[in-house]
Amino acid sequence: MTSASYKPGPHTATLVDELARLRAGEPVGNALLDLARAGRLEVEHLRRLVGVELQCHIAELTAYGTLIGRFPHRPAAGLFLDVGRLVYDAHPKLRACAFALDIPEERFYRWPTGPAAHAFPGLISWTALHGSLADAAFGLYADLTAYFPGCSELLTQVGALDLKVPEEFAAYYEGGESEEMNDNTLDVVEHGIVHGDDPARALASARTVDEHIGRFWAAAAGSDG
Amino acid sequence: MDVNSAERNVESLTGKLVELRRRNPIPNLFLERVKSDRFGREDLRALIRGEIRTAEAEMTVYALGTALHRHEVFQDLNTMAVDARSHLSSIRPLVGIDDESAENGAVGPDGFACPGFLSWAVLHCNRAELGLVMYADLESYGGGSREIADAMQVASTEVPEQIVRYYADGVPDGLSSKVLGLVQEGIDRGDDVSRAVRLARVMEECVGRYWQAAVAPERNAPERNAPEGNASEGDPR
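So, here's what we can say about the structure.

Reading guide: rules and limits
- Residues numbered from 1 in each chain as written.
- Chains lettered and ligands numbered in written order.
- Predicted model: local features only at pLDDT ≥ 70, side-chain atom pairs only at ≥ 80, totals over all residues.
- Heavy atoms only, no water.
- Helix = DSSP H or I, 4+ residues; strand = E, 2+ residues; numbered from the N terminus.
- Rg over C-alpha atoms; globule rule 2.2 N^0.38 Å.
- Buried < 20%, exposed > 50% of the residue type's maximum accessible area, 1.4 Å probe, protein only.
- Contact = heavy atoms within 4.5 Å.
- Areas by Shrake-Rupley, 256 points an atom, 1.4 Å probe, with all protein chains shown as cover.
- Lys, Arg positive; Asp, Glu negative; His and termini not counted.
- Charge placed at Lys NZ, Arg CZ, Asp CG, Glu CD.
- Axes fitted to C-alpha atoms, helices over the stretch in contact; angles between N-to-C directions.
- Parallel < 35°, antiparallel > 145°, perpendicular 65-115°, else oblique.
- Left-handed = near helix turned anticlockwise from the far one by under 90°.
- Nonpolar A, V, L, I, M, F, W, Y, C, P; charged D, E, K, R; others polar.
- Core = buried A, V, L, I, M, F, W, Y, C linked by side-chain atoms within 4.5 Å.
- Salt bridge = Lys/Arg side-chain N within 4 Å of Asp/Glu carboxyl O.
- Disulfide = S-S within 2.5 Å.
- Expected span 1.5 Å × (residues − 1).
- Arc of directions from axis to C-beta.

Things to note about the overall build of chain A
The number of helices and strands found in chain A is nine helices and zero strands. Scanning chain A from its N terminus toward the C terminus, one meets helices and strands in the order α-α-α-α-α-α-α-α-α. In terms of overall size, chain A behaves like a compact globule, its C-alpha atoms giving a radius of gyration of 17 Å where 225 residues would be expected to give roughly 17 Å. Taken along its principal axes, the extent of the C-alpha atoms in chain A is 50 × 35 × 35 Å. Residues counted as buried form 59% of the 225 residues belonging to chain A. In chain A, the proportion of contacts linking residues at least 24 apart, taken out of those at least 6 apart, comes to 88%. Here chain A displays about 8700 Å² of accessible surface, and carbon together with sulfur accounts for 55% of that area. The average position of the 18 basic charges and that of the 31 acidic charges among the side chains of chain A differ by 4 Å.

With respect to the packing of helix α6 (residues 109–124) of chain B against helix α7 (residues 127–154) of chain B
Residues and elements named next belong to chain B. It is at 9 Å that the axes of α6 and α7 come closest, and there the two elements cross at 160°. Here α6 is positioned roughly antiparallel relative to α7, judged by the angle of their axes. For the pair α6 and α7, the sense of crossing is left-handed. Across the interface between the two elements, Phe117, Leu118, Ala121, Val122 and His124 of α6 pack against Glu129, Leu130, Val133 and Asp137 of α7. Looking at the contact of α6 with α7, its residues break down into six nonpolar, one polar and two charged.

As for the nonpolar core
Ranked by internal contacts, the top residues of the largest apolar core, which has 151 residues, are Phe80, Phe138 and Phe169 of chain A together with Phe30, Leu77, Met152 and Tyr167 of chain B. Not counting chain neighbours up to four residues away, the residues in contact with phenylalanine 138 of chain A comprise Leu15, Val16, Leu19, Leu186, Val189, Ala202, Leu203 and Ala206 of chain A.

Thoughts on the pattern of salt bridges
For the coordinates displayed, the defined rule picks out 23 salt bridges over all chains. Taking the shortest distance from any N to any O, the salt bridge between arginine 215 of chain A and aspartate 110 of chain B comes out at 3.2 Å. Pair noted here: arginine 215 of chain A is in helix α9 (residues 199–221) and aspartate 110 of chain B is in helix α6, and the two residues belong to different chains. No difference in accessibility class separates arginine 215 of chain A from aspartate 110 of chain B, as the two residues are buried. Close ionic contact of aspartate 43 of chain B with arginine 33 of chain B constitutes a salt bridge, the shortest N to O distance being 3.6 Å.

Description of the state of the cysteines
Here is the idea: a disulfide is a covalent bond, and it sits between the sulfur atoms of two cysteines. Residues and elements named next belong to chain A. Under the defined criterion, the tally for this structure stands at zero disulfides over all chains. Sulfur of cysteine 97: no disulfide; nearest cysteine sulfur belongs to cysteine 151 and is 11 Å away. A residue is classified by how much of its surface remains accessible, and cysteine 97, at 0% relative accessible area, is buried.

Points about the packing of helix α5 (residues 115–130) of chain A against α9 of chain A
Residues and elements named next belong to chain A. Close contact between α5 and α9 brings their axes to 7 Å; oriented N to C, the two are set at 155°. When the axis of α5 is compared with that of α9, the two are roughly antiparallel. Of the two elements, α5 crosses α9, and the hand of that crossing is left-handed. The segment α5 lies against α9, with Ala116, Ala117, Ala119, Phe120, Leu123, Trp126 and His130 engaging Arg201, Thr208, Val209, His212, Ile213, Arg215 and Ala219. Taken together, the residues of the contact of α5 with α9 break down into nine nonpolar, three polar and two charged.

Considering unusual backbone geometry
Here the residue pair arginine 74 of chain A and proline 75 of chain A is connected by a cis peptide bond, since its omega of -5° sits within 30 degrees of zero. For aspartate 162 of chain A, which is not glycine, the phi dihedral falls at a positive 60°. Given a relative accessible area of 52%, aspartate 162 of chain A falls into the exposed group. Of note in the backbone geometry, aspartate 37 of chain B takes a positive phi value of approximately 60° without being a glycine. By the secondary structure assignment, aspartate 37 of chain B is in the loop between α2 (29–35) and α3 (41–69).

Thoughts on the environment of asparagine 78 of chain B
Residue and element names in this part refer to chain B. With respect to the helices, strands and loops of the structure, asparagine 78 is situated in helix α4 (residues 73–91). A relative accessible area of 18% places asparagine 78 in the buried class. Separated by 12 residues in sequence, asparagine 78 and threonine 66 place their C-alpha atoms 9.4 Å apart. When residues no more than four places from it in sequence are discounted, the contact partners of asparagine 78 are Met59, Tyr62 and Ala63.

Focus: helix α1 (residues 10–25) of chain A
All names here are of chain A. Compared with the 22 Å implied by 1.5 Å per residue over 16 residues, the 23 Å span of α1 between its first and last C-alpha is a close match. Among the residues of α1, Thr12, Leu15, Val16 and Leu19 are the ones counted as buried. Take α1 and look down its axis: the buried residues cluster within an arc of 100°, on one side only. In α1, the exposed positions angled more than 90 degrees off the buried face are occupied by Pro10, Thr14, Asp17, Arg21, Ala24 and Gly25. On the buried face of α1, the contacting elements are α6 (133–161), α8 (179–194) and α9.

In structure tokens form, the structure reads like this:
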């Protein structure tokens, strides 16, 4: 969601509409929510989720730092500083969540492993090194608008199933989405396109992120399809 | 599988990797498709698109490896990647890939597994880990590609000679051994190798996904729902 009064630039408005159309026409599944809706979600899945998330945080911090190095000007650097700060500030809460779920500290950043657990860290690393500014920013928009609603729905399902989870879990996964950050992300997409980035590639980047967010949930669900 | 501090040598690490391969082999689905003679131009196009995507990522990864670790093996690796990219430029038209279609289009996680994992590895691994990951990549990709070339030569489906030769050439002789020199150097400098084998195993699984991406639309893949791990996982408790 963007702010009510926000209007993206003309190139980006088209991309946002096209992404919404692709998402509606060919939605990417969320294996963790599928389990929850089938009544088969267990605390072990949530432990896996936190384990995957710990690894993603490190890759995200590296990626946003790399992107600042590649695009050290307004408005791009400000966006990547803000999203890096978001991850950095959230990290202690995630570690507290991991401890509360009884994940041994020596397994932090190492478990679970395999292609699904490494999919999102891999993509964000690749994008940081190879993506255009519009690729990176529209990919981030896809990330923010897929991940946060997924977390919110997960908490609803956890509540409905009456799963016994520590309060640190809800503290980490509730809220988080920022309309202002979404607005800023789209401003950077427009900036990239106006300065020559290919909008078709930016759209492909966002859909690739959608697919990888799907794999992120699958890694937690243990359904590495 | 953790590697304890008493086993800090290259042979121990590669031995554990080989043992994992033996216990739990990773299928090469593209090879199986070629062997069963159920492949065509679409499969070759998907395969070559994956090669282009990966060769370009490798050029970045090996250049960054040079900058971060200043070891000569990255020069050899980059020469391999540049040569591959050059060969792929001449192969591309044979399967109907133009410049634009080589670069555009969303790529599913399996198609991104190798470029993504290598990009992650160069940014996050110490030199021993990165060396073992690259060793696993060279060994699993090189072996698989030579088998694919052999199968293409006896298949009734006609494959352009340049493509067969590309896969028959595989990985340059001696490169895997040189990469192990990087691993040894990392060990000698005190790199933590406790997760090296596990990461190398993930690399091999990613190569399996790489071949898989050339044969099947990923979203059609069957899903499992049990919270079980895969072959590269250890028990978290």
